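Descriptive analysis of the structure
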Amino acid sequence: MIALSPRNAAFAGVLQRQGAAVVLVLGVVISWFAFPRFGSADNLRDLALQSSFLAVIALGMTFVIISGGIDLSVGSVYALGGVLAAYGSRYGLVVAILLPLVVCSLIGFVNGVLIARTGMAPFIVTLASLLFARGLLLAITNEGATTYKVDAGSPFLALGQGEILGVGTPVWIALVLFALGGVLLRRTRFGQAVFALGGAEQSAVLMGLPVARTKITLYTLSGGLAGVAGLLTAAYLQSGVTVLGVGTELDAISVVVIGGTLLTGGAGTIVGTLVGVLLRTLIQNVINQVGTLDSNYQTMVSGAFLLVVVVIQRLLARRRS
């Protein structure tokens, strides 16, 4: 293994963390000149709105992955949150918000308790929760035959269809959550414990950090944020769509990793995740702008890009060490 000089090692570290941002800026500049419609205000607003729902889910996933864990349940929990929000909207705004938040957070809490207290692998626990949440969703909707609608006059719709300064409300909510997430991760003891868990859990235990409590909080946060994304989507679509969320957990993991968070844990940023979300949305939009490519190419390109990013991260990490 070739050891890098301190200057080159520092550059490799910056590239590992900020490479996605560089690609995003280049992609935006090229797309701006290559596609006349790309830079229009309507298209940019649509890009921001499309990014906001996945961004909220990916925010929770960032905390989990930095801690060295994984949460496969968020896709099904996201869909469940949307259905519960649409169902609860008939009883008023408060129920439409609290019902998905409580149920989705509870699923995340159970995940955290099982992982922290029993030592079960996060992959197995959250996979089971994925199946549970999807099964509960199907039970509530009579195997998907019942679609709960949100009344046209419901104030709940403002959360998904409203605008502030010409930008969709979900975008503002996502930005506020990311700002709070950044403070939580970088400026609190909880955030320090998250990094310590991902770096070396055994060392975190020896340091006296509240490992079990941190894990429970992490997965509760992840479930709750998936519920927030679900209720925002229900407010936007004016209904609880049962087919949503399939594969969303993989999308969330991919944008977090693309944003520079290591799958092995211990390193990552909230801003990087936001960049990863925007980069994924940019790729999808460019494919749509081309017009001659099938939508399946979006998945192919995203998968190939993720593979390249993971390989580069691995190589950079080896060289830095």
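The rules behind each value
Residues numbered from 1 in each chain as written. Predicted model: local features only at pLDDT ≥ 70, side-chain atom pairs only at ≥ 80, totals over all residues. Heavy atoms only, no water. UniProt positions renumbered as here; feature names shortened; annotations may be inferred. Helix = DSSP H or I, 4+ residues; strand = E, 2+ residues; numbered from the N terminus. Phe/Tyr/Trp six-rings, centres within 6.5 Å; stacked < 30°, edge-to-face > 60°. Buried < 20%, exposed > 50% of the residue type's maximum accessible area, 1.4 Å probe, protein only. Axes fitted to C-alpha atoms, helices over the stretch in contact; angles between N-to-C directions. Parallel < 35°, antiparallel > 145°, perpendicular 65-115°, else oblique. Left-handed = near helix turned anticlockwise from the far one by under 90°. Contact = heavy atoms within 4.5 Å. Nonpolar A, V, L, I, M, F, W, Y, C, P; charged D, E, K, R; others polar. Salt bridge = Lys/Arg side-chain N within 4 Å of Asp/Glu carboxyl O.

1. With respect to the UniProt feature "transmembrane region" (unreviewed entry) in the protein chain
Sequence positions flagged by UniProt for "transmembrane region" (unreviewed entry) are, in local numbering, residues 15-35, 47-70, 90-114, 121-140, 164-185, 218-238, 250-279 and 299-317. Each end of residues 90-114 is marked by a C-alpha atom, and these two atoms are 34 Å apart; helix forms 88% of the span and strand 0%. The span residues 218-238 is 95% helix and 0% strand, and its two end C-alpha atoms sit 30 Å from each other.

2. Considering the packing of aromatic side chains
Under the defined criterion, the tally for this structure stands at five aromatic pairs. Ring geometry for Trp32 versus Phe38: centroids 6.4 Å apart, planes at 70°, classification edge-to-face. Of the residues examined, Trp32 reaches a relative accessible area of 43% and is grouped as partly exposed.

3. Description of the packing of helix α2 (residues 41-66) against helix α11 (residues 248-258)
The geometry of α2 relative to α11 is characterised by a closest axis approach of 9 Å and an angle of 65° between their N-to-C directions. One way to sum up the angle between α2 and α11 is to call them roughly perpendicular. At the point where α2 passes α11, the crossing takes the right-handed sense. Across from Leu54, Ile57, Ala58, Met61, Thr62 and Ile65 in α2, the residues of α11 making contact are Thr248, Glu249, Asp251, Ala252, Ile253, Val255 and Val256. The residue inventory of the contact of α2 with α11, partitioned by class, reads nine nonpolar, two polar and two charged.

4. Some words on the pattern of salt bridges
Under the definition given, this model contains three salt bridges. Note that Asp42 and Arg45 form a salt bridge whose closest N and O atoms lie 2.4 Å from each other. One end of the pair is Asp42 and the other is Arg45, both in helix α2 and three residues apart, which spans about a single turn. Of the charged contacts in the structure, one is a salt bridge between Arg280 and Asp251, with a shortest N-O distance of 3.2 Å. Placement of Arg280 in helix α12 (residues 270-290) and of Asp251 in helix α11 is noted, with a sequence separation of 29 residues between them.

5. What about helix α8 (residues 189-199)?
In terms of burial, α8 is a largely internal element, eight of the eleven residues being buried. Phe190, Gly191, Ala193, Val194, Phe195, Ala196, Leu197 and Gly198 are the residues of α8 that are buried. Taken together, the buried residues of α8 touch α2, α7 (169-187), α9 (201-206) and α10 (211-237).

6. Side note on the environment of Gly88
One can find Gly88 in helix α3 (residues 74-88). Taking the C-alpha atoms as reference points, Gly88 and Leu98, ten residues apart in sequence, are found 8.6 Å from one another. For Gly88, the residues in contact, after removing those within four places along its chain, are Val95, Ala96 and Leu99.

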